[in-house]
Amino acid sequence: METPKLTLLTTTHRVAPGLLSWPAWEALRSAPVVLAGVADHPQLAALRAAGVEPEQVERPSAPALARLLLARAPAVWLESPDGDPGLTDALARIAVEEAGEHPEIEVLPGSYDLPGARLLDLVAVMDRLRSPGGCPWDAEQTHESLVKYLVEEAFELVEAIEEGDRETLREELGDVLLQVFFHSRIAEEDADDPFSIDDVAGDIVEKLTYRHPHVFGDVSVTGSAETEANWEQLKAAEKQRESVLDGVPAGLPALAYAAKLVSRVRRSHFTGVPDAPYELPAELTAESAGQLLLAVAQRAHDRGVDVDAALRAAARRYRAEVRAAEGLPGEGPQPA
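One numbering rule holds for all chains: residues counted from 1, following each sequence as written. For a predicted model such as this one, the threshold for reporting local features is a pLDDT of at least 70, and the threshold for listing and counting side-chain atom pairs is 80 or more; totals across whole chains, interfaces and linings nevertheless cover every residue. Note: side-chain values were computed over all heavy atoms of the structure, leaving out hydrogens and water.

Labelled according to an unreviewed UniProt entry, the protein appears under the name Nucleoside triphosphate pyrophosphohydrolase, originating from Kitasatospora phosalacinea.

Quick look at the structure:
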């Protein structure tokens, strides 16, 4: 005589209802009874449309639910969206303490989270925060009010990368990602020109595909330098730019702005303007100091040096030296 089986069918709410694995559908169709503990389970409509009519049961405590399900075997239990906390532990305890006295227990994954599935949760969280009954502070924010947070989070991410702090890096990446989703959720509410996070993601997918013809097309490249040149050429044609410097954001920090201008000029092989002279003038003025810094940015680019990162590293060393001279430890309170 075949041992009755209790099948725990797990699913994810991040995949459309009904998109279940073939073993899951086989188990559902062949089971004498399919049990569910939630009346609004997202899978119910899809199951009923396929001719499977689950029976709803009350969900008592986890140990009591475990006993109830074992008593109903053979059966399929449709895991609740909250994962039925404590149920698997209760079943495992019974299986160990009362070995051989109860039906076989099987956990059958019916659907799986795809890569990036948790981004759907972030969409739902942002929608909840911005909707009536959500967070008053989040509901009041605008693109303009969030700018300072976007800048701060970006710099905190840079610091985590420079310090090699993996735990903080993960956290700061999340904070930057939040800003993208926050702005996209606000954009959905615009009366004249709304767009969503799906529009944002779709645009960047199209852009990446277009600008990587050596990956998604039939273009061949010999290395990263040629790849960068193709990228800039495609971007210039795409945006119909007149100057090699069009599109460089003037709001960048001064040194980063100069470095970006130099990078654009070098990539385009433009030689119409000579480099700034590289020498310390007899008297530093605002103009001569600026020219000297521009010259450093030009020479640094030609030698593959990230001038902004180099200056930040030098400033951090200088800070440590000052603190050491003060008799203080190397690490201290960081700027807010």
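Having seen the model, we can carry on.
Moving on, we come to helix 14 (residues 307–325). For helix 14, with 19 residues, the first-to-last C-alpha span of 27 Å sits near the 27 Å given by 1.5 Å per residue. Polar contact criterion, stated in full: a pair of N or O atoms within 3.5 Å, where within protein one must be able to donate a hydrogen and the other to accept it, and residues adjacent in sequence count only if both atoms are side-chain atoms. The numbering of helices and of strands both runs from the N terminus, where a helix is a DSSP run of H or I of at least 4 residues and a strand a run of E of at least 2. With a side-chain oxygen positioned 3.1 Å from the backbone nitrogen of Asp308, the residue opening helix 14 is Asp306. Helix span is expected to be 1.5 Å times the residue number reduced by one.

Each packed pair of helices is defined by two parameters, the angle between the axes and the distance between the axes. The geometry of helix 12 (residues 254–267) relative to helix 14 is characterised by a closest axis approach of 9 Å and an angle of 150° between their N-to-C directions. Classified by the interaxial angle, the pair formed by helix 12 and helix 14 is roughly antiparallel. Here Leu255, Ala256 and Ala259 of helix 12 come into contact with helix 14, specifically with Val307, Asp308 and Leu311. Each residue gets one of three labels, nonpolar for Ala, Val, Leu, Ile, Met, Phe, Trp, Tyr, Cys and Pro, charged for Asp, Glu, Lys and Arg, and polar for the others, Gly among them. Grouping the constituent residues of the contact of helix 12 with helix 14 by class yields five nonpolar, no polar and one charged. For every element, the axis is a line fit to its C-alpha atoms; helices are fit only across the contacting stretch, and the angle between N-to-C directions ranges from 0 to 180 degrees. The cut-offs work like this: below 35 degrees is roughly parallel, past 145 is roughly antiparallel, 65 to 115 is roughly perpendicular, and the gaps in between are oblique. In this description, contact between two residues means that some pair of their heavy atoms is separated by no more than 4.5 Å.

Attention now moves to the pattern of salt bridges. A carboxyl oxygen of Asp or Glu within 4 Å of a side-chain nitrogen of Lys or Arg is what we treat as a salt bridge. This model, assessed by the stated rule, comprises 17 salt bridges. Ionic pairing is found between Arg266 and Asp302, a salt bridge with its closest N-O pair at 2.6 Å. Of the two residues, Arg266 sits in helix 12 while Asp302 sits in helix 13 (residues 286–302), which places them 36 residues apart along the sequence. Buried residues are those whose accessible area, probed at 1.4 Å on protein chains only, stays under 20% of the maximum for their type, while exposed residues exceed 50% and partly exposed ones sit between those limits. On the basis of relative accessible area, Arg266 is assigned to the partly exposed category, the value being 23%. Taken together, the salt bridges that share partners define one network made up of Arg14, Asp113, Arg118 and Asp121.

Turning next to the side chain of Arg185. Its place among the elements puts Arg185 in helix 8 (residues 166–188). By relative accessible area, which is 12% here, Arg185 ends up buried. At 3.0 Å, the side chain of Arg185 forms a polar contact with the side chain of Asp127. Those residues in contact with Arg185 that lie beyond four places of it in its chain are Met126, Asp127, Arg130 and Ser131.

Generally, phi is negative for residues other than glycine and the peptide bonds are trans, each holding for most cases. Going from Ala73 to Pro74, the amide bond is cis rather than trans, its omega being 5°. Mapped onto the elements, Pro74 comes out in the loop between helix 3 (62–72) and strand 4 (75–78). Even without a glycine there, the phi angle at Asp84 is positive, about 50°. On the basis of relative accessible area, Asp84 is assigned to the buried category, the value being 5%.

So, on to the nonpolar core. Remark: nonpolar core denotes a set of buried residues (Ala, Val, Leu, Ile, Met, Phe, Trp, Tyr, Cys) joined through side-chain atoms within 4.5 Å. Membership of the largest hydrophobic core comes to 16 residues, with the highest contact counts inside it found for Leu6, Leu35, Ala66, Leu69, Trp77, Leu87 and Leu91. Elements that contribute at least two residues to this core include exactly strand 1 (5–10), helix 3, strand 4 and helix 4 (87–97). Grouped together as the second largest cluster of nonpolar side chains are 15 residues, Leu20, Ala24, Trp25 and Ala31 included.

Let's shift gears to the pairing of strand 4. Across the two faces of strand 4 the burial is the same, with Ala75 and Trp77 and Val76 and Leu78 all buried. Two strands are said to pair when DSSP picks up at least two bridges between them. Across three bridges, the pairing between strand 2 (residues 34–36) and strand 4 is parallel. Within the sheet, the bridge partner assigned to Leu35 lies in strand 4 and is Trp77.

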